[in-house]
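# Chain and residue survey
So the chains spell out like this:
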Amino acid sequence: MKKYLLSFAIVLAAVFSAKAQFSLGAKAGVNFSKINADNVNESSVTGYQVGAFARFGSSLYLQPELYLGSSGGKFDFNNNNSTVTTNGKVTFTTLNLPLLLGKGFGGDNLNFRVMAGPIYSYVLDKNQSFSDNVSGAYNDFGDYKKSTLGFQAGAGIDVGHITADFRYEGGLTKINQNFGQRQNLWALSVGFKFF
């Protein structure tokens, strides 16, 4: 065990000594999310993201992140093929862990980036409002999974210590198997690299 701890400490010291190869920062942003579902009209909701990121490497880099976010979707249900519709909404508070691989184009003061990778999301809280009509007709519509896998892809820019990203996130796993529900979102975030 001591051998593993010593090895980990040596690797950690090497990473921190190569300052140009390691960055740590905080980020916050806004997202627009929607849950796609079979036989239901969907629309998006506005959410937030706030958390931290690390970046290992410069031209080619690995960027793990950990952030708290909110997302969800709105739904319009047609009742018995009539013109009457019923609305529903669900919002999630999630803990998100993306692991992105990226490529930078530029230098220390101005750098353009592209990135992609997987994301794991865990639902901490769920707030949903569906009418009794929806609950009766779609009795397990709001039966959502606690954890999902997805992917992110996007682009960003670094100007000095300021960083900004624009990303798309798609769901690889369905959050509700019975109705084919998958969540996707567009996110815009701004961050600050401490070093």
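As shown above, the structure is provided for reference.
Each value, and the rule that gives it
Residues numbered from 1 in each chain as written. Predicted model: local features only at pLDDT ≥ 70, side-chain atom pairs only at ≥ 80, totals over all residues. Heavy atoms only, no water. Helix = DSSP H or I, 4+ residues; strand = E, 2+ residues; numbered from the N terminus. Buried < 20%, exposed > 50% of the residue type's maximum accessible area, 1.4 Å probe, protein only. Areas by Shrake-Rupley, 256 points an atom, 1.4 Å probe, with all protein chains shown as cover. Phe/Tyr/Trp six-rings, centres within 6.5 Å; stacked < 30°, edge-to-face > 60°. Contact = heavy atoms within 4.5 Å. Polar contact = N/O pair within 3.5 Å; in protein donor to acceptor, adjacent residues only side chain to side chain. Pairing = 2+ DSSP bridges. Salt bridge = Lys/Arg side-chain N within 4 Å of Asp/Glu carboxyl O.

### Thoughts on the overall build of the protein
The helix and strand inventory of the protein stands at two helices and nine strands. When the elements of the protein are put in sequence order from the N terminus, they spell out α-β-β-β-β-β-β-α-β-β-β. Taking all 195 residues of the protein together, the buried fraction comes to 37%. Put simply, the protein shows about 10,900 Å² of open surface, and 62% of that area lies on carbon and sulfur atoms.

### Considering the packing of aromatic side chains
Counted by the stated rule, this structure contains seven aromatic pairs. Centre to centre, the rings of F166 and W186 are 5.5 Å apart; their planes meet at 15°, and the pair counts as stacked. With F166 in strand β8 (residues 162-171) and W186 in strand β9 (residues 182-193), the pair connects residues that are 20 residues apart, well separated along the chain. Through a chain of ring-to-ring contacts, three or more aromatic side chains come together here, namely F151, F166, Y168 and W186.

### A closer look at the environment of N111
Summarising the element assignment, N111 is placed in strand β6 (residues 110-130). Residue contacts for N111: discarding those within four places in its chain leaves G104, F105, G106, G156, I157 and D158. From its side chain, N111 meets the backbone nitrogen of F105 in a polar contact 3.1 Å long.

### Focus on the side chain of E169
Checked against the element boundaries, E169 lands in strand β8. Setting aside anything within four residues of it in sequence, one finds E169 in contact with Y67, I119, S121, F151, Q152, Q183, N184 and L185.

### Brief notes about the environment of K27
As for its position among the elements, K27 is in strand β1 (residues 22-36). Considered as a pair, K27 and T163 are 136 residues apart in the sequence and their alpha carbons are 8.4 Å apart. Excluding anything up to four places from it in sequence, K27 contacts Q49, V50, G51, F53, E65, Y67, R167, S189, V190 and G191. A polar contact of 3.1 Å, which involves the side chain of K27, links it to the side chain of E65.

### A closer look at the pairing of β8
In the case of a regular strand, side chains alternate between the two sheet surfaces. In this sheet, β8 lies alongside strand β7 (residues 147-159) in antiparallel orientation, the contact comprising 10 bridges. Residue G156 lies in a different strand from β8, and its bridge partner there is D165. Linking β7 to β8, which pair antiparallel, is a turn of two residues; within it G160 sits at a positive phi near 65°. Pairing geometry for β8 and β9, over nine bridges, is antiparallel. For I162, the partnering residue across the bridge sits in β9 and is F192.

### Let's talk about the pattern of salt bridges
Side-chain pairs of opposite charge can arise where the charged atoms are in close proximity. Tallied over the entire structure, the rule returns seven salt bridges. The partner of D158 in a salt bridge is R113, and the shortest N-O contact between them spans 3.1 Å. Of this pair, D158 sits in strand β7 while R113 sits in strand β6; the two residues are 45 residues apart in sequence, bridging distant segments of the chain. Accessibility expressed as a relative area gives 2% for R113, which makes it buried. For K193, the salt bridge goes to D158, with nearest N and O atoms at 3.8 Å. One end of the pair, K193, is in strand β9; the other, D158, is in strand β7, with 35 residues separating them in the sequence. When its relative accessible area of 1% is taken as the criterion, D158 is described as buried.

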